[in-house]
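The residues making up each chain are set out below.
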Amino acid sequence: EEPLGPTSTGTGLAGYAFEEMTLNEETRLQGGLRFDYSKVHAKPTELEAENGEEPDTTFAHIDETRDWNSLTGSLGVLHEFGALVGTFSLGRSFRAPTVQELFAGGPDKPSGTFTIGDDGLTPETGFGIDASVKGAYRKWKFEVSPYAIFMKDYIYGFLTGDTLDNLPVRQFSATDAQLLGFEASITVEVAP
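Residues numbered from 1 in each chain as written. Predicted model: local features only at pLDDT ≥ 70, side-chain atom pairs only at ≥ 80, totals over all residues. Heavy atoms only, no water.

A.B. asks: Residues and numbers for the packing of aromatic side chains, please.
C.D. replies: Counted according to the given criterion, the structure contains 1 aromatic pair. When the centroid spacing of 5.8 Å and the interplanar angle of 40 degrees are considered together, the rings of tyrosine 156 and phenylalanine 158 count as tilted. Exposure remark for tyrosine 156: the relative accessible area of 30% places this residue in the partly exposed category. Accessibility expressed as a relative area gives 31% for phenylalanine 158, which makes it partly exposed. (Phe/Tyr/Trp six-rings, centres within 6.5 Å; stacked < 30°, edge-to-face > 60°. Buried < 20%, exposed > 50% of the residue type's maximum accessible area, 1.4 Å probe, protein only.)

Structure follows, in structure tokens:
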């Protein structure tokens, strides 16, 4: 009855190359490159009038295309220290905005909000650094992996404090962001 966004088509193509080089028995280098092509075309949405009422024409005249290309990659090293394995890598990331993030303008029932897109959004790009240490001893295994990602144009939705159609308004926007953290796990074999 009320579309969240315009009728749209999306196209995504990607190709990647990966290489691993053994430096010695304990050390390997790993590298990868990826090319992405992403396209979103928002087309006019035609709605028929019901019960003599005029249809919502929010998306009746939209006809916009966005397309992006990106080259991303990563470079890492893996080294074995006896029973421990350490890794360190650097990488560049990319994510194109979705049609909802760009062109939304209506009630979004799953989130319970009235969602508004921003057609001026550009792709997110990031630079990441991560490391890990893994080890095993008899029936115990562990891993600790810290990371830091520095994002440019990080896309997020926020509640504006306004309401439309008795729903809180969620607006998409972009900002620079830093994602810092770590993952850790311990595995114990309690029975063979």
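A.B. asks: Any details on the environment of threonine 175? Residues and values, ideally.
C.D. replies: Here threonine 175 is to be found in strand S9 (residues 167-188). For the pair threonine 175 and isoleucine 155, spaced 20 residues apart in sequence, the C-alpha separation works out to 6.8 Å. Those residues within four positions of threonine 175 in sequence are excluded, and the remaining contacts are Lys152, Asp153, Tyr154 and Tyr156. (Helix = DSSP H or I, 4+ residues; strand = E, 2+ residues; numbered from the N terminus. Contact = heavy atoms within 4.5 Å.)

A.B. asks: So, the pairing of strand S3 (residues 64-81): which residues are in play, and what are the values?
C.D. replies: Of the strand pairs in this sheet, strand S2 (residues 27-43) and S3 are connected by 16 bridges, and their pairing is antiparallel. For serine 38, the partnering residue across the bridge sits in S3 and is tryptophan 68. Relative to strand S4 (residues 84-95), S3 runs antiparallel, the two sharing 9 bridges. When the bridges of S4 are listed, histidine 79 appears paired with glycine 86. Where S3 folds back onto S4 in an antiparallel hairpin, the turn is made up of 2 residues, including glycine 82, whose phi is positive at roughly 65 degrees. (Pairing = 2+ DSSP bridges.)

The values are spatial; any link to function lies outside them.
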